[in-house]
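A structural walkthrough
Here is how the chains run, residue by residue.
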Amino acid sequence: MKSIYGLDLKDLEEYFISIGEKKFRAKQLFDWLFVKRINDFDKITNISNDVLSVINKDYTFDLLTIKDKQVSNDGTIKYLFELEDGNLVESVLMRYSYGNSVCVSSQVGCNMGCQFCASGQLKKKRDLSAGEMVLQILTIQNDLDQDEDRISHVVVMGIGEPFDNYDNVMKFVRIINNPFGLAIGARHITISTCGLIDGINKYANEDLQINLAISLHSAIDKKRSSLMPVNKSNDLTSLKRAIKDYIKKTNRRVTFEYIMLKGVNTSKEDAEALIKFVRGINAYVNLIPYNDVSNLEFESISRDECFPFYQILKEANVNVTIRREFGSDIDAACGQLRSKRIKR
Ligand code: SAH
């Protein structure tokens, strides 16, 4: 059955009209779902039981099942969720000085095949619905269950390629962004893509102020293609063109994620290629020390080892930081909790 949390306010209004109710009921229910966060019908006072029982036949109000939960010393919490059909996905809560951020999964598995990534070792089984993405946030918010512990930021950087599930991801964004619901500000929402050009082109035409992050990992075509097969059909020249066009249309800064893979993409030549690539782009480069994935051959790297590369970028006036690591004492690297549970 479909989840009630996959409807945006407009869908809910249309639904109420379709069952012979007034449109304003939608806002009332939206408030119960996302502001009061109640799914116990007895507590819903301004909608009649008759109407509620009709809704209950069409939609489920269930949250996700927390299958596993790991809490790190730094406050990071990693959740393994079970979906209605038994599939598993992960989400991570990270605590920053500016607020709580949740990293959301967009698919069950991933087909992009990036060599260094744990998620992609398990092929995509299916896309997540908008409701399943909303529920990752709501289930965590309910688990924290204190209003001062509000989730204020969202990154779509979990398992899956969001632009391979474009429509559901955008619907999800509209639901969590709605000021009558969770009201997570568009500027606090970031979608990360491995660089699907069609997706970037569509994204440039959305009328939302959401952020775009690109997983770059190499600015040398041959190397990027060997690390990320997606580069074969979405090469760096076309990628740069699409990003420039996105910036021209939205006037927003783009984040580049660059995993530091020891002995692979961290040389002076790699840094120079990166500098050249981001030239002329309003860019922010985030260097990510590689998180060891047990059965992959890449080596983990310390912050100190990332420093020379960082320094070269800095000297070329690139806007760059080395990403803070979260939950290094738990299975924090992308997709690791799930891949441990599933046999290949
Ligand atoms: N498919 C999207 C979003 C998911 S990956 C994308 O590619 O952007 C989110 C980020 O985590 C990407 O930058 C990805 O390259 C990075 N990542 C994957 N595996 C990692 C690992 N083992 N250590 C550090 N970062 C990793």
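Here, every reference points to the structure presented above.
The structure contained in this document is the topic of the report that follows. (Residues numbered from 1 in each chain as written. Predicted model: local features only at pLDDT ≥ 70, side-chain atom pairs only at ≥ 80, totals over all residues. Heavy atoms only, no water.)

Scanning the chain from N- to C-terminus turns up 11 helices and 14 strands. At 21 Å, the chain has a C-alpha radius of gyration in line with the 20 Å of a compact globule built from 344 residues. Seen along its three principal axes, the alpha-carbon backbone of the chain occupies a region of about 70 × 40 × 35 Å. With 344 residues in all, the chain has 58% of them scored as buried. Across the chain, contacts joining residues at least 24 apart in sequence account for 67% of those joining residues at least 6 apart. Computed over 47 positive and 46 negative side-chain charges, the inter-centroid distance for the chain is 4 Å. (Helix = DSSP H or I, 4+ residues; strand = E, 2+ residues; numbered from the N terminus. Rg over C-alpha atoms; globule rule 2.2 N^0.38 Å. Buried < 20%, exposed > 50% of the residue type's maximum accessible area, 1.4 Å probe, protein only. Contact = heavy atoms within 4.5 Å. Lys, Arg positive; Asp, Glu negative; His and termini not counted. Charge placed at Lys NZ, Arg CZ, Asp CG, Glu CD.)

Bringing helix α3 (residues 49-58) into the picture now. Within α3, the full set of buried residues consists of V51, L52 and I55. Here the buried residues of α3 occupy an arc of 100° about the axis, which is enough to place them on one side. Turned more than 90 degrees from where α3 packs its buried face, N49, D50 and K57 sit exposed. Residues of α3 that are buried sit in contact with α1 (9-18), α2 (24-35) and β2 (59-60). (Arc of directions from axis to C-beta.)

Attention shifts here to the environment of K244. Note on placement: K244 falls in helix α8 (residues 236-250). We classify K244 as partly exposed; its relative accessible area is 41%. Ignoring anything within four residues of it in the chain, the contact list for K244 reads G280 and I281.

Attention shifts here to the environment of E21. Assignment of secondary structure puts E21 in the loop between α1 and α2. Once the C-alpha coordinates of E21 and R174 are considered, the two residues, 153 residues apart in sequence, prove to be 23 Å apart. The contacts of E21, once residues within four sequence positions are left out, are F16 and V51. Within polar-contact distance, the side chain of E21 engages the side chain of R25 at 3.4 Å. (Polar contact = N/O pair within 3.5 Å; in protein donor to acceptor, adjacent residues only side chain to side chain.)

The subject of this paragraph is the pattern of salt bridges. Charged atoms that come close allow side chains of opposite charge to pair. On inspection of all chains with the given rule, the structure shows 18 salt bridges. We note a salt bridge from K36 to D31, for which the minimum N-O separation is 2.3 Å. K36 sits in the partly exposed class, given a relative accessible area of 42%. Among the salt bridges present, the one from D143 reaches K69, with a minimum N-O distance of 2.7 Å. With D143 in helix α4 (residues 130-144) and K69 in strand β3 (residues 65-71), the pair connects residues that are 74 residues apart, well separated along the chain. For D143, a relative accessible area of 31% puts it in the partly exposed group. (Salt bridge = Lys/Arg side-chain N within 4 Å of Asp/Glu carboxyl O.)

This part is about the nonpolar core. The biggest cluster of nonpolar side chains holds 112 residues, and the ones touching the most others in it are F172 and F256. It is α4 that contributes the most residues to this core, 8 residues altogether. Ignoring anything within four residues of it in the chain, the contact list for F256 reads I214, L216, I243, F277, V278, I281, A283, Y284, V285 and N286. Listed in part, the 5 residues of the second largest apolar core include V92, M94, C103 and F326. (Core = buried A, V, L, I, M, F, W, Y, C linked by side-chain atoms within 4.5 Å.)

Moving on: the pairing of strand β12 (residues 254-260). Most of β12 sits out of view: 7 of its 7 residues are buried. Neither face of β12 is open: one carries V254, F256, Y258 and M260, the other T255, E257 and I259, and all of them are buried. Where strand β11 (residues 211-215) lies against β12, 4 bridges are found, and the strand directions are parallel. The residue of β12 that forms the bridge with I214 is F256. After leaving β12, the chain enters helix α9 (residues 268-278) and then returns to the sheet as strand β13 (residues 283-289), a path that is right-handed. (Pairing = 2+ DSSP bridges. Right-handed = clockwise from strand over helix to strand, strands pointing away.)

Turning our eyes to something else, we now look at the sheet that holds β3. With mixed pairing, 10 strands are arranged side by side in an open sheet as β3-β4-β5-β6-β9-β10-β11-β12-β13-β14. With one partner strand each, in any of the chains shown, β3 and β14 (320-322) form the two edges of the open sheet. This sheet shows a mean twist of 20° between the axes of neighbouring strands, independent of strand direction. Across 3 bridges, strand β9 (residues 151-156) lies against strand β10 (residues 189-193) in parallel orientation. The residue bridging V156 from the neighbouring strand is I191, located in β10. (Axes fitted to C-alpha atoms, helices over the stretch in contact; angles between N-to-C directions.)

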